[in-house]
Amino acid sequence: MEVIMRETVVKQFQDPLTLWENANNIRDKAKRDEFQNGKEVHVWYAPLNNSIEVFNELSAKEKLKASKFRSSRDQQRYIRSHGILRRILAAYVNCEPCEISFQTTEYGKPFLTNGGREVHFNMSHSNEIAAYAVSKNHELGIDIEHIDHDLDWFSIAKFAFSQEENDLLESLSNDQQIKAFYSLWTRKEALLKARGTGLSEIETMSGKEFNSVKRKYLLSTFSCGGSYQGALAVNNHNQMINYYQVPCLNYVFY
């Protein structure tokens, strides 16, 4: 079992880079029969270091939150990541971005009130990249992390990973450890986000319990260039995953 687990994780971060299709229009992808029939999950990624103007499309609550950021850089990342989310979702539920309406679960996971809750989504952003996942009728979670080679991953792993996972990390070479850590972390966080609990379960769910839950989900690792690691979790194994790059951000693309 240990050898199989080690080979699986090593393979996860040795896979070729994810091929992202340049999409000209999000609505065209949202109309795909495979998506509408619940057989396809769409993953979108967008750079946040751009000049897209989306502030007026945010809700009053989002604008208020944006105003409280002390860092201009963090403020702009928040505005752009949430504005792009609204534009993506608007294409899937056929409305204007400003009309998108959210509510949250008891654990804080947002969900759409537009479209009868058939469209499920999740988002994650790290540094200058945001990633979004959209599905029809299936809960899902996504996580993306900028790989920080100075991160004290050892301390985090001791806190968040099972003994089996920590043993695996310690068995790897130094250059493999950081990649393996991010592979394990993003898959675990994506799974917990798909369950709707987020990091509230990070300490309690490990080992056999985590493996039992994991078998119920489709887990997929992806990359956005060499410096970002991502993962997707969907509570349906019979899904095709399509990876798209958000269209040019200087015009209305939804």
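Residues numbered from 1 in each chain as written. Predicted model: local features only at pLDDT ≥ 70, side-chain atom pairs only at ≥ 80, totals over all residues. Heavy atoms only, no water.

## Notes on unusual backbone geometry
Then step 1. Within the chain, Asn 94 stands out as a residue other than glycine whose phi angle is a positive 60 degrees.
Then step 2. With a relative accessible area of 63%, Asn 94 lands in the exposed category.
Then step 3. At Asn 127, a residue that is not glycine, the phi angle is positive and equals roughly 55 degrees.
Then step 4. With respect to the helices and strands, the residue Asn 127 is situated in the loop between strand E5 (119–126) and strand E6 (129–136).
Then step 5. Of the residues examined, Asn 127 reaches a relative accessible area of 31% and is grouped as partly exposed. (Buried < 20%, exposed > 50% of the residue type's maximum accessible area, 1.4 Å probe, protein only. Helix = DSSP H or I, 4+ residues; strand = E, 2+ residues; numbered from the N terminus.)

## What about the environment of Glu 40?
Then step 1. Mapped onto the elements of the fold, Glu 40 is located in strand E2 (residues 40–47).
Then step 2. For the pair Glu 40 and Val 134, spaced 94 residues apart in sequence, the C-alpha to C-alpha distance is 9.0 Å.
Then step 3. Look past the residues within four positions of Glu 40 in its chain and what remains in contact with it is Arg 32, Glu 34, Phe 35, Val 134, Ser 135, Gln 239, Met 240 and Asn 242.
Then step 4. Here Asn 242 takes part through its side chain, which lies 3.1 Å from a polar atom of the side chain of Glu 40. (Contact = heavy atoms within 4.5 Å. Polar contact = N/O pair within 3.5 Å; in protein donor to acceptor, adjacent residues only side chain to side chain.)

## Some words on the pattern of salt bridges
Then step 1. With the rule as written, the count across this model stands at 11 salt bridges.
Then step 2. Arg 77 serves as the salt-bridge partner of Glu 128, at 2.8 Å between the closest nitrogen and oxygen. Of this pair, Glu 128 sits in the loop between E5 and E6 while Arg 77 sits in helix H5 (residues 72–93), and the two are 51 residues apart along the sequence.
Then step 3. Of the residues examined, Arg 77 reaches a relative accessible area of 11% and is grouped as buried.
Then step 4. A salt bridge links Lys 136 to Glu 118; its shortest N-O distance comes to 3.8 Å. On the criterion of sequence distance, the pair formed by Lys 136 in strand E6 and Glu 118 in the loop between strand E4 (110–112) and E5 is long-range, its members being 18 residues apart.
Then step 5. A relative accessible area of 11% places Lys 136 in the buried class. (Salt bridge = Lys/Arg side-chain N within 4 Å of Asp/Glu carboxyl O.)

## Some words on the sheet that holds strand E8 (residues 218–223)
Then step 1. The sheet built from 3 strands is open, its strands ordered E7-E9-E8 with antiparallel pairing. Only two strands of the sheet have a single partner each, and these edge strands are strand E7 (140–146) and E8. For this sheet the average axis-to-axis angle between neighbouring strands, irrespective of direction, equals 15 degrees.
Then step 2. Bridge count for E8 against strand E9 (residues 228–234) is 6 bridges, and the pairing is antiparallel. Note on E9: the bridge partner recorded for Ser 220 is Leu 232.
Then step 3. Running at roughly 150 degrees to E7, helix H8 (residues 174–195) makes contact with E7, E8 and E9 of the sheet. (Pairing = 2+ DSSP bridges. Axes fitted to C-alpha atoms, helices over the stretch in contact; angles between N-to-C directions.)

## Points about the pairing of E6
Then step 1. In terms of burial, E6 is a largely internal element, 8 of the 8 residues being buried.
Then step 2. Because side chains alternate across E6, one face comprises the buried residues Ile 129, Ala 131, Ala 133 and Ser 135, and the other comprises Ala 130, Tyr 132, Val 134 and Lys 136, equally buried.
Then step 3. Relative to E6, E2 is paired through 6 bridges, and the arrangement is antiparallel. Bridging across to E6, His 42 finds its partner in Val 134.
Then step 4. In this sheet, E6 lies alongside E5 in antiparallel orientation, the contact comprising 8 bridges. Within E6, the position partnered with His 120 by the bridge is Ser 135.

## As for the environment of Ser 59
Then step 1. Along the chain, the position of Ser 59 falls in the loop between E2 and helix H4 (60–67).
Then step 2. Its relative accessible area of 24% is what places Ser 59 among the partly exposed residues.
Then step 3. A sequence separation of 38 residues divides Ser 59 from Pro 97, and the C-alpha atoms of the two residues are 9.6 Å apart.

## With respect to the sheet that holds strand E1 (residues 21–22)
Then step 1. Reading across from one edge, E1-E10-E2-E6-E5 is the order of the 5 strands in this open sheet, with mixed pairing throughout. Pairing within the sheet leaves two strands with one partner each, and these edge strands are E1 and E5.
Then step 2. Along the sheet, H5 contacts E2, E5 and E6; its crossing angle with E6, the most-contacted strand, is approximately 25 degrees.

## Focus on the packing of aromatic side chains
Then step 1. Tallying each qualifying case throughout the model produces 14 aromatic pairs.
Then step 2. Judged by centre distance (5.5 Å) and plane angle (50 degrees), the ring pair of Phe 102 and Phe 121 falls under tilted. Residue Phe 102 is located in strand E3 (residues 102–104), and its partner Phe 121 is located in strand E5; the two are separated by 19 residues in the primary sequence.
Then step 3. Phe 121 gets classed as buried once you look at its relative accessible area, which sits at 5%.
Then step 4. Here Phe 181 and Tyr 182 contribute two aromatic rings whose centre-to-centre distance is 5.3 Å and whose plane-to-plane angle is 80 degrees, an arrangement assigned as edge-to-face. Both residues of the pair, Phe 181 and Tyr 182, count as buried.
Then step 5. Among the aromatic residues, those joined into a cluster by ring pairs are Trp 153, Phe 154, Phe 161, Phe 181, Tyr 182 and Trp 185. (Phe/Tyr/Trp six-rings, centres within 6.5 Å; stacked < 30°, edge-to-face > 60°.)

No statement about biological role is implied by the geometric values presented.
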